[in-house]
Amino acid sequence: MTKNDEQALIQVNDLKKSFGENEVLKGINGNIQTGQVICVIGPSGSGKSTFLRCLNMLEQPTSGQIIFDGKDLTKFTHKEVATLGERIGMVFQSFNLFPNMTVLDNMKLAPKKVKHMRDQEATEVSLKLLYRVGLKEKANVYPSSLSGGQAQRVAMARALAMNPQVMLFDEPTSALDPEMVGEVLEVMQELANEGMTMVVVTHEMGFAKKVADKVWFMADGYIQEKNTPDQLFDHPENERTKEFINKIINEDE
Amino acid sequence: MGKSKLKTVMQLLLVVVIVGMGSLLARRPAHADDQSLNRVKQSGTLTVGTAPDYPPFEFQVNKGGNQEDVGMDIDIAKQIAKNLHVKLKIKNMSFESLLVAVQSGKIDMAIGGINPTPERKQNADFSKIYYSGGQDFLINKNDAGQIKNKNSLKGKKVGTQTGTLQQSLAKKDIPNAHVVGMDKTPDLVLALKTHKVAAVGVEKPVAQAYVANDHDLKAIDSGYKLNKNDVGTAIAFKKGNTSLVNAVNQSIDQIHKKNLIPQYLKDAGKHMKVNTNNTSMWHYWKYFATGVEYTLIISVVSVFFGIILGIILVLMRLSKYKFLSWPSIAYTEFVRGTPMMVQVLFVYFGLGVLVNIPALTAGIIAVSLNSGAYVSEIIRGGINAVDKGQSEASRSLGLSKKDMMASVILPQAFKNIWPALGNEFITIIKDSSIVSIIGVTEIVYELNIMRADTYRGVAPIAVAMILYFILSFSLSRVLNYFERRMNHD
Ligand SMILES: Nc1ncnc2c1ncn2[C@@H]1O[C@H](COP(=O)(O)OP(=O)(O)OP(=O)(O)O)[C@@H](O)[C@H]1O
Ligand SMILES: [Mg+2]
């Protein structure tokens, strides 16, 4: 083990995941340091979401290890997996706000039920976070009246209300109208600047270039290349990476 | 005789119920020390079952707004209770349920124009024959010129109650007759008046009662050759209750010696006059009020418990443990695969062997058990329709399965299924009519009593229809209102 490995907050070792016959992850390795922002890119269907969902055990890996804070998540019991909710936040492509409660109640639910926070404390925490994502005035509306960008910012605030150590993002902007992408990325960038550890699956190459410490390129069930954004985008080493980067550049032009 | 109904369907249903109770009943020694008479005397009450929709044998009168059972059979029961020095308690139910009620010990005896056929004697003991009136035909007065007796009915349509003596007589003794079977006498009379049948075979006192109350009708003697012992009516008892049978036989002897039967029939006639003096539906509002009251009680309480049961069943079904999910699946499939009528009979008579449940409670239990199965399927559909992202978001936040269900999934599921639940409620209002079979005084039960009492075949049905419609329509309005209010989000 290198020195880096010892300091890693999350250490992924030979992670495999199959759905029936279909082996989606064929052996993922990688370390995520505290405070790092990792962007995961790759073609559609390459297993990016599956990888992310394994990190908080929404998906049970077939084999391999995920060492988080010194403990292997893949060996966790149901009870222990439930405690991950307080430590790993997740933001989904489709927001997944609870439509049957107000924005404030969406945010207060888990802190109260899982962390057993008092109502008043949960309200204070939630309002502070809503203020931070610029939506304080939306506290008492129902999610159906929010725009996509607002809904995604609320979803982020809801995850942050649990005060997690790590935030996972699965294509947080790909369900949004283009004019709303900016407001969501902005909040994510602020979060990164404050030192949050983040794993972001994204197609927003601009964001990856600007914010990521490391970009992981994923294809065919493996991480093909890990590098700084500058290196990976401008001087890709792996053939598959080159191909992918070229394709995006051509699309953008 | 008149009401010796053996309708095949009913027989089948009763067989199912009896088979269901089989093992329980089998453990009870049928002919052990017979304490039946002592039990009645010790309890101080003689509980008699009857089906009061058969004037002049038994029917109901509207006394100061209250319904009261009267008629020849009721007078006989009163006399028996008096001779035994006990109080008389009358339990009303449908005719089909009387013999099962005797067998399961819900009542001490059943009286109701019951003909002691050989088949029935296998399942119950009978008293002596207390009445044997003879057979008549009811015809339209206008036809009196052509129809004189059974011989004039060759090749014509003859109405009888299904499975009765009259039916077998008509089939046997009228050449080429087309015998039409119906369930209830008022329906047959209606068929007669609308010329769907040429004559209706009924028992003599019944024919006379109709003629006295409807001047378009005429009663003629049937002309059947009858053996008095085959066609009389007797009282039914649980098998082996010999001491009680003997005591009742003494009372019947006494009634015959004093020649009380003609007097009883005359009194019954007077009561019928009172009934038919004022056959306006307004006069009978109390019957309908009772019917609506009970229909509502059954529906509301059953929906309440049905939803609770439905939630329990669906949570069991969604559990990862087989010992929870499997019984839930089995229960739901079983309930959905059996008619509610059989379920009602089973709860009342089958469970009745273990615990004595009153008819209303039994009806509510049966309807709730039934509804629970359907509600659980509705809720399951509603849960499946909730977006998968909702449970993923809940899990990613660390919510327990219980909190996720209670706060996130079920509230959304209920919003999805609100219209389906409303339909289930409306279905229950309509289907609750089935519990009339065990004598719960809901709308259909009251309707049948009233039709028998007033000799008006159609008007009560129309009123009942309107009542059902008002109930379900206002309910669906109320549900719509709440649905709209729930749609804020
Ligand atoms: N629950 C599941 N059951 C079966 N197969 C699945 C399941 N989830 C994902 N897969 C399969 O795994 C493969 C990878 O899917 P995944 O969603 O991880 O890809 P992705 O890289 O996130 O793609 P995209 O960019 O389109 O989101 C796909 O072939 C998909 O069909
Ligand atoms: Mg994906």
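Residues numbered from 1 in each chain as written. Chains lettered and ligands numbered in written order. Predicted model: local features only at pLDDT ≥ 70, side-chain atom pairs only at ≥ 80, totals over all residues. Heavy atoms only, no water.

- As recorded in an unreviewed UniProt entry, chain B goes by ABC transporter permease subunit and comes from Fructilactobacillus fructivorans.
- Entered under Subcellular location (unreviewed entry) in the UniProt record, the comment concerning chain B runs "Cell membrane".
- Per UniProt, the comment on chain B under Sequence similarities (unreviewed entry) is "Belongs to the binding-protein-dependent transport system permease family. HisMQ subfamily." (UniProt positions renumbered as here; feature names shortened; annotations may be inferred.)

- An unreviewed UniProt entry annotates chain A as ATP-binding cassette domain-containing protein originating from Fructilactobacillus fructivorans.
- The Subcellular location (unreviewed entry) comment attached to chain A in UniProt states, word for word, "Cell membrane".
- Recorded in UniProt for chain A, the comment headed Sequence similarities (unreviewed entry) runs: "Belongs to the ABC transporter superfamily."

**Observations regarding the site of ligand 1**
Residue and element names in this part refer to chain A.
Logical step 1: The environment of ligand 1 is formed by Phe 19, Asn 22, Val 24, Pro 43, Ser 44, Gly 45, Ser 46, Gly 47, Lys 48, Ser 49, Thr 50 and Glu 171.
Logical step 2: Within the backbone of Gly 47, one N or O atom sits 2.9 Å away from an oxygen atom of ligand 1.
Logical step 3: One nitrogen or oxygen atom from the side chain of Ser 49 is found 2.6 Å from an oxygen atom belonging to ligand 1.
Logical step 4: Its free accessible area being 630 Å², ligand 1 has 59% of it covered by the protein chains. (Near = heavy atom within 4 Å. Polar contact = N/O pair within 3.5 Å; in protein donor to acceptor, adjacent residues only side chain to side chain. Areas by Shrake-Rupley, 256 points an atom, 1.4 Å probe, with all protein chains shown as cover.)

**Re the packing of aromatic side chains**
All names here are of chain A.
Logical step 1: What the rule picks out here adds up to ten aromatic pairs over all chains.
Logical step 2: Relative to Trp 216, the ring of Phe 51 has its centre 6.1 Å away and its plane inclined at 40 degrees; by these criteria the two rings are tilted. Of the two residues, Phe 51 is situated in helix α2 (residues 48-55) and Trp 216 in strand β9 (residues 214-219); the sequence distance between them amounts to 165 residues. Taken as a pair, Phe 51 and Trp 216 share a single burial class, namely buried.
Logical step 3: The residue whose ring lies beneath Lys 209 is Phe 233, and the NZ or CZ to ring-centre distance is 5.4 Å.
Logical step 4: Above the ring of Trp 216, the side-chain terminus of Lys 226 is found at 5.4 Å from the ring centroid. (Phe/Tyr/Trp six-rings, centres within 6.5 Å; stacked < 30°, edge-to-face > 60°. Helix = DSSP H or I, 4+ residues; strand = E, 2+ residues; numbered from the N terminus. Buried < 20%, exposed > 50% of the residue type's maximum accessible area, 1.4 Å probe, protein only. Lys NZ or Arg CZ within 6 Å of the ring centre and 35° of its normal.)

**Side note on the packing of helix α18 (residues 443-454) of chain B against helix α19 (residues 459-486) of chain B**
All names here are of chain B.
Logical step 1: Running from N to C, α18 and α19 cross one another at 165 degrees; their axes reach a closest spacing of 9 Å. Classed by the angle they form, the pair α18 and α19 counts as roughly antiparallel. As for how α18 packs across α19, the hand of that crossing is right-handed. In contact with Ile 443, Val 444, Leu 447, Met 450 and Arg 451 of α18, α19 contributes Pro 460, Ile 461, Ala 464, Leu 467, Tyr 468 and Leu 471.
Logical step 2: The residue makeup of the contact of α18 with α19, split by class, is ten nonpolar, no polar and one charged. (Axes fitted to C-alpha atoms, helices over the stretch in contact; angles between N-to-C directions. Parallel < 35°, antiparallel > 145°, perpendicular 65-115°, else oblique. Left-handed = near helix turned anticlockwise from the far one by under 90°. Contact = heavy atoms within 4.5 Å. Nonpolar A, V, L, I, M, F, W, Y, C, P; charged D, E, K, R; others polar.)

**Section: the UniProt feature "domain: ABC transmembrane type-1" (unreviewed entry) in chain B**
Logical step 1: Under the UniProt annotation, "domain: ABC transmembrane type-1" (unreviewed entry) lies at residues 292-479 of chain B.
Logical step 2: Between the C-alpha atoms that bound residues 292-479 of chain B there is a distance of 19 Å. The span itself is 81% helix and 0% strand.

**Quick look at the confidence of the model for chain A**
Logical step 1: Summary statistics for chain A give a mean pLDDT of 93 and a share of 96% for residues scoring 70 or more.
Logical step 2: Here residues 1-5 of chain A is a poorly scored stretch, pLDDT under 50, and it has four contacts once near neighbours within four places are set aside; other chains count. (pLDDT = per-residue confidence, 0-100.)

**Here we look at the environment of Leu217(B)**
Residue and element names in this part refer to chain B.
Logical step 1: Following the sequence through the fold, Leu 217 ends up in strand β11 (residues 217-221).
Logical step 2: A residue is classified by how much of its surface remains accessible, and Leu 217, at 1% relative accessible area, is buried.
Logical step 3: Leu 217 sits 75 residues away from Asn 142 along the chain, and the two C-alpha atoms are 8.5 Å apart.
Logical step 4: Excluding residues that lie within four positions of it along the chain, Leu 217 makes contacts with Leu 138, Ile 139, Asn 140, Lys 141, Val 189, Leu 192, Lys 193, Tyr 210 and Val 211.

**Comments concerning the nonpolar core**
General note: in soluble globular proteins, nonpolar side chains tend to be found buried as a group.
Logical step 1: If you look at the biggest cluster of nonpolar residues, it comprises 55 residues, and the most contacted ones within it are Ile10(A), Phe51(A) and Leu55(A).
Logical step 2: Considering every element that reaches this core, the biggest residue donor is helix α17 (residues 401-431) of chain B, with nine residues.
Logical step 3: Not counting the four nearest positions on each side in its chain, Ile10(A) is found in contact with Gly30(A), Asn31(A), Ile32(A), Leu55(A), Ile66(A), Ile67(A), Phe68(A) and Val166(A). (Core = buried A, V, L, I, M, F, W, Y, C linked by side-chain atoms within 4.5 Å.)

**Here's the deal with the state of the cysteines**
Residues and elements named next belong to chain A.
Logical step 1: Counted under the stated rule, the structure contains zero disulfides over all chains.
Logical step 2: The cysteine Cys 39 is free of any disulfide, with Cys 54 supplying the nearest cysteine sulfur at 19 Å.
Logical step 3: On the basis of relative accessibility, which here comes to 0%, the residue Cys 39 falls in the buried class. (Disulfide = S-S within 2.5 Å.)

**A few points about the packing of helix α12 (residues 285-318) of chain B against α17(B)**
The geometry of a pair of packed helices is captured by two quantities: the angle between their axes and the separation between those axes.
All names here are of chain B.
Logical step 1: Close contact between α12 and α17 brings their axes to 11 Å; oriented N to C, the two are set at 140 degrees. In terms of their interaxial angle, α12 and α17 are classed as oblique. Regarding α12 and α17, the two cross each other, and that crossing is right-handed. Contacts between α12 and α17 involve Thr 295, Ser 299, Val 300, Val 303, Ile 307, Ile 311, Leu 315 and Leu 318 from the former and Lys 401, Met 405, Phe 414, Leu 421, Phe 425, Ile 428 and Ile 429 from the latter.
Logical step 2: Across the contact of α12 with α17, the residue classes break down as twelve nonpolar, two polar and one charged.

**Regarding the UniProt feature "domain: ABC transporter" (unreviewed entry) in chain A**
Logical step 1: Here, UniProt's "domain: ABC transporter" (unreviewed entry) annotation points to residues 10-245 of chain A.
Logical step 2: With 37% helix and 25% strand, the stretch residues 10-245 of chain A has end C-alpha atoms that lie 27 Å from each other.

**Considerations on the sheet that holds strand β10 (residues 222-227) of chain A**
Residues and elements named next belong to chain A.
Logical step 1: If you walk across this open sheet you meet the six strands as β6-β7-β8-β3-β9-β10, and the pairing is mixed. Each edge of the open sheet is held by one strand with a lone partner, namely β6 (88-91) and β10. Neighbour to neighbour, the strand axes of the sheet diverge by 20 degrees on average, direction disregarded.
Logical step 2: Of the strand pairs in this sheet, strand β3 (residues 37-41) and strand β8 (residues 197-201) are connected by four bridges, and their pairing is parallel. Note that in β8 the partner of Cys 39 across the bridge is Val 200.
Logical step 3: Across the sheet, α2 touches β3, β6, β7 (166-170), β8 and β9, and the angle it forms with β7 is around 155 degrees.
Logical step 4: Running at roughly 170 degrees to β6, helix α6 (residues 148-160) makes contact with β6 and β7 of the sheet. (Pairing = 2+ DSSP bridges.)

**With respect to unusual backbone geometry**
Logical step 1: Omega for the bond connecting Pro55(B) with Pro56(B) falls within 30 degrees of zero, at 5 degrees, which places this linkage in the cis form.
Logical step 2: Relative to the helices and strands, Pro56(B) is located in the loop between β1 (45-50) and β2 (59-63).
Logical step 3: Residues other than glycine seldom take positive phi values, yet Asp69(A) does so here, at roughly 55 degrees.
Logical step 4: One can find Asp69(A) in the loop between β4 (63-68) and β5 (71-72).
Logical step 5: In this structure Asp69(A) comes out as partly exposed when scored by relative accessible area, which is 45%.
Logical step 6: Positive phi, normally seen in glycine, also occurs at His116(A), with a value near 55 degrees.
Logical step 7: Counting through the fold element by element, His116(A) comes out in the loop between α4 (103-113) and α5 (119-132).

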